[in-house]
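So you can see what is in the structure, the chains are spelled out below.
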Amino acid sequence: MNRQHPKRLLIGAVFTLVSSLGFFLPSLQAAMSPKEILTKADEARGNADGVEWEIAIESVEGGRQQQRTIRVTARGFNSLAEFLAPPNVKGQKLLMLDRNMWFAKPGLSKAVPISPRQKLLGGAANGDIASTNYAGDYKIVETSEGLVNNEACYLFDLSAVDNRATYDRIKYWVSKERLVGLKAEFYTVSGKMFKTATFEYENSVKIGGQPRTFISQMVITSAVMKEDITTMSYRKASIKKVPDSIFNLNLLTK
Amino acid sequence: MGMAGEGRDSDDPTIPKKLAERFSYDLRILTYGVTQDPADSKQNPKNNFLQIPHYLGGLEIRPDLRLNLDPVELSAKPRMKLEYRAWQEGFRKGDAEWKDDWYVNEWLARWKARENLFLSYGRENLQWGPSFLFSPSNPFFQDNGRRNPYLEVPGMDFGRLVWIPKSSWTLSFIANTDEGQNKPDGPNRYFISPPPPFEKTYSLKVDYTGRENYGSVILSYREHSEYLLGFFGGGTISDAVLLYGEGVIAKGNEGLYPQQDSSPFGASMQKLHQNDVDTVLLIGGSYTFERKGTLTMEYAYYSPGYSNAEADRYYSLRRKAGEAFELGGPLSGFGQMVLGQTAVTGLRLLRRNYALLQYTQTNILNVMDLTLRWTQNLDDGSFQITHVVGYSLGNHWELFSVGAVNAGNGDSEFRSILNYQWMVGVKYTL
């Protein structure tokens, strides 16, 4: 009796099964629609139901450096950013309710309405600090493939659905393996690229009880002045239910 | 890193430690000097009536304290102000004095009864609305704090109930129960016009916030005097453009108006329009330049203000009262009384048509914030030019300068009290 024959059969079967998974997994992901892939990528950069995180922003613009630490609480199109450091900006607040924005400062009697054009800091726009909803804010004009740091990616050409979106057009590279956004190019209405961004994901949060990789850094580089770089480091990220009162002007200053 | 719901230390912290974890504070210290030139107008002849100090020096310590005992939040803003005043004009020329003030400018106890229902009582600077020139929809404060952001608006006492039935809607019931620090001899007495006599006021405020617009309606009752329907709203027209409006319809005007009669000066100040319905409307808009600042324009129509005929009577009465006061004769005391009425008419503005042009730019070269403002009285031609500059010296220190220059003839609104005022100072934030 050859006792090694069943053992070899078993090893062969296991080997065949594991090898075929390499074919099946991409097939499973290929079964996801582009919108579903984009939604998955959005999950790693915030959550439509509610997220809170701290962002340390370091901006170099025209050779001048500036730092800010901001606590952001966001839900859908609404976000509240509270400046934590340095001391001379501590307590300032930026409230965004869809396309309405207000800025409040300790000592300023009342919150001032501001326009979306007013910048946060350096190359970071107000919309960059809130959670991302590219799947909802943009339509996919074209899908192709690309590489970012030798990592195979889906390349989405996105166009803003309406004027709620922060940008008119984005080219977005999403990792095929990890389903997270790795790189973005941002364009004006006239088609001119004005900044690029790269992303890292070393954080982890629980979504639906499952750990999920989460954004840890976004580096924004101006396309015009390549030395102008804004680095946003995300920390203390947590998914949480955010009540309406957080975004209420009547309760903003105390 | 950043994992939600991480396990906590199993040792239960002591109560003092828990309180310490929920306590936070800020500390700001300001020191400043002010030079101001009293206008030699008939309202204040030779500065003997208002006795405005020519020089002021101030040191203010401003701690803000907060304790979060969810669902209760407590906060307090105690203040210490040490002020030096020196006179260069009038009876008090050569006088100097020191004054210290210890007070709580604001405090608040807020209870979150439910996630969408809040009750609070405390002393607050309760402001709202998008306008810079003034806030007609606000029945509580005449000063909206926009002219000099380094001066704190004195707080008043309010009870509030805030209910958020849906994310887009808020309903507030507000009771203004006491004048608090907002009184004629309050902490800013040399910087702003004195407030009118206090009356308890009750308001119902309804707020709506849409996708790119917002609006509010405020129904108010001021005891013994006025019913007011305030409103404001605005919209984000594009990435660069905001439009807004604000106003009030009021029944019951407690302002003083000049009436010809048989008084020694041929006229006197009287409440003539207590049953009138008045309208105040302000419209404005702003444009933000790419990588630069924001230009704002406003126009306000203030119907309770004086007409040309009323203004002529007012200035004539004021001239006669001022001359009587200066002469020191038998009518001097009467003149002084009338000057008190012409100085505080109970009206927010003296005339009917105003315009504002403002340029604001923040973070210039990463260190400077700048505001330049032109406020024009379109009826009498007088105007005021204001600058506000803040310059950062590192993360804690800020140099600031706030100045106002008034122009117009002697019988005009902006030249009645001061020719100019300039404040320069340093702020330290811990």
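The rules behind these values
Residues numbered from 1 in each chain as written. Chains lettered and ligands numbered in written order. Predicted model: local features only at pLDDT ≥ 70, side-chain atom pairs only at ≥ 80, totals over all residues. Helix = DSSP H or I, 4+ residues; strand = E, 2+ residues; numbered from the N terminus. Buried ≥ 20, exposed ≤ 12 C-beta atoms within 10 Å, placed from the backbone. Contact = placed C-beta atoms within 7 Å. Rg over C-alpha atoms; globule rule 2.2 N^0.38 Å. Core = buried A, V, L, I, M, F, W, Y, C linked by C-beta atoms within 7 Å. Nonpolar A, V, L, I, M, F, W, Y, C, P; charged D, E, K, R; others polar. Pairing = 2+ DSSP bridges. pLDDT = per-residue confidence, 0-100. Axes fitted to C-alpha atoms, helices over the stretch in contact; angles between N-to-C directions. Parallel < 35°, antiparallel > 145°, perpendicular 65-115°, else oblique. Left-handed = near helix turned anticlockwise from the far one by under 90°. Expected span 1.5 Å × (residues − 1).

Student: Sorry if this is basic, but what is going on with the overall build of chain A here?
Tutor: Assigned secondary structure in chain A consists of 3 helices and 15 strands. Here chain A holds 254 residues, and 37% of them are scored as buried. Within chain A, counting contacts between residues at least 6 apart in sequence, those at least 24 apart form 48% of the total.

Student: For this particular structure, what's the right way to read the overall build of chain B?
Tutor: From N to C terminus, chain B includes 3 helices and 20 strands. Taken over C-alpha atoms, the radius of gyration comes to 24 Å for chain B, in line with the 22 Å a tight globule of 430 residues would show. Dimensions of chain B, computed from C-alpha atoms along their principal axes, come out at roughly 85 × 50 × 45 Å. Among the 430 residues that make up chain B, the fraction classed as buried is 38%. Considering only contacts in chain B between residues 6 or more positions apart, those separated by 24 or more positions represent 56%.

Student: Looking at this structure, how should I read the nonpolar core?
Tutor: One broad rule of soluble globular proteins: the nonpolar side chains tend to lie buried together. Grouped together as the largest cluster of nonpolar side chains are 56 residues, with contacts concentrated most on Ile55(A), Val72(A), Leu95(A), Ala124(A), Ile129(A), Tyr172(A) and Val174(A). The contact partners of Leu95(A), leaving out residues within four places of it in the chain, are Leu80(A), Met101(A), Trp102(A), Ala111(A), Phe247(A), Leu249(A) and Leu252(A). Ranked by size, the runner-up nonpolar core spans 29 residues in total, among them Met269(B), Ala311(B), Leu317(B) and Leu356(B).

Student: Is there a simple way to explain the interface of chain A and chain B in this structure?
Tutor: Where the parts come together, the accessible area they lose is often given as the size of the interface. In this assembly, 39 residues from chain A lie in contact with 51 residues from chain B. Broken down by secondary-structure element, the contributors of at least two residues to the side of chain A that touches chain B are β2 (64-75), β12 (203-207) and β15 (229-239) of chain A. Taken together, the residues that form the side of chain A that touches chain B break down as 13 nonpolar, 14 polar and 12 charged.

Student: Can you walk me through the pairing of strand β16 (residues 353-364) of chain B in this structure?
Tutor: Moving residue by residue along a regular strand, the side chains alternate between the two faces of the sheet. Residue and element names in this part refer to chain B. Sheet analysis places strand β15 (residues 294-302) next to β16, joined by 8 bridges and oriented antiparallel. Bridge assignment links tyrosine 301 to a residue of β16, and that residue is asparagine 353. Where β16 and strand β17 (residues 368-377) come together, 9 bridges link them in antiparallel fashion. Across the sheet, the residue bridging to threonine 360 is threonine 371, located in β17. Adjacent in sequence and paired antiparallel, β16 and β17 are bridged by 3 residues, among which leucine 365 carries a positive phi angle near 50 degrees.

Student: I tried to follow the environment of Ile220(A) on my own but got confused; where do I start?
Tutor: Residues and elements named next belong to chain A. The topology assignment puts isoleucine 220 in strand β14 (residues 217-222). In this structure, the C-alpha to C-alpha distance between isoleucine 220 and isoleucine 140, residues 80 residues apart in sequence, is 22 Å. Excluding residues within four positions of it along the chain, isoleucine 220 makes contact with Gly123, Ala124, Lys195, Ala197, Ile229 and Thr230.

Student: How should I be thinking about the pairing of strand β20 (residues 418-429) of chain B in this particular structure?
Tutor: Residues and elements named next belong to chain B. Direction of pairing for strand β1 (residues 23-38) relative to β20: antiparallel, over a ladder of 11 bridges. What sits directly across from threonine 35, in β20, is tryptophan 422. Relative to β20, strand β19 (residues 397-407) runs antiparallel, the two being bridged by 9 bridges. Residue pairing for β20: serine 401 is matched across the bridge by valine 424.

Student: Honestly, the confidence of the model for chain B in this entry has me stumped. Any pointers?
Tutor: Note: predicted coordinates in regions of low pLDDT should not be interpreted at a detailed level. Residues and elements named next belong to chain B. Residue-level pLDDT values for chain B average 92, and 96% of them are 70 or greater. Scored below 50 in pLDDT, residues 1-10 makes 17 contacts in the model with residues more than four places away or belonging to other chains. In the predicted assembly, ipTM is 0.89 and pTM is 0.87.

Student: What's the story with the packing of helix α2 (residues 308-327) of chain B against helix α3 (residues 332-343) of chain B in this structure? I'm lost.
Tutor: When two helices pack together, their arrangement is given by the angle between the helix axes and the distance between those axes. Residue and element names in this part refer to chain B. Contact geometry for α2 and α3: axes closest at 7 Å, N-to-C directions at 140 degrees. Between α2 and α3, the crossing angle belongs to the class labelled oblique. Crossing of α2 over α3 shows left-handed handedness. Facing Tyr314, Leu317, Arg318, Ala321, Gly322, Ala324, Phe325 and Leu327 of α2, the residues of α3 in contact are Ser332, Phe334, Gly335, Gln336, Val338, Leu339 and Thr342. The class makeup of the residues in the contact of α2 with α3 is 9 nonpolar, 5 polar and 1 charged.

Student: Please explain α2(B) as it appears in this structure.
Tutor: Given 3.6 residues per turn, any residue in an α-helix points the same way as the ones three and four places further on. All names here are of chain B. With 20 residues, α2 should reach 28 Å at 1.5 Å per residue; the first-to-last C-alpha distance of 29 Å fits that figure. Taken as a whole, α2 has its buried residues at Ala311, Tyr314, Tyr315, Leu317, Arg318, Ala321, Gly322, Ala324 and Phe325. Packed against the buried residues of α2 are β12 (257-260), β13 (267-270) and α3. Downstream of α2 by a residue or two, glycine 328 has a phi angle that is positive, lying close to 75 degrees.

Student: Sorry, what's going on with unusual backbone geometry here?
Tutor: Look at the link from Ala85(A) to Pro86(A): it is a cis peptide, with omega at 0 degrees. Looking at the element boundaries, Pro86(A) is found in the loop between β3 (78-85) and β4 (93-97). Put simply, Asp70(B) and Pro71(B) share a cis peptide bond, and its omega is 15 degrees. Inspection of the secondary structure puts Pro71(B) in the loop between β2 (55-69) and β3 (72-86). For Asn47(B), which is not glycine, the phi dihedral falls at a positive 65 degrees. One can find Asn47(B) in the loop between β1 and β2. A tally of 23 C-beta atoms within 10 Å means that Asn47(B) is categorised as buried.

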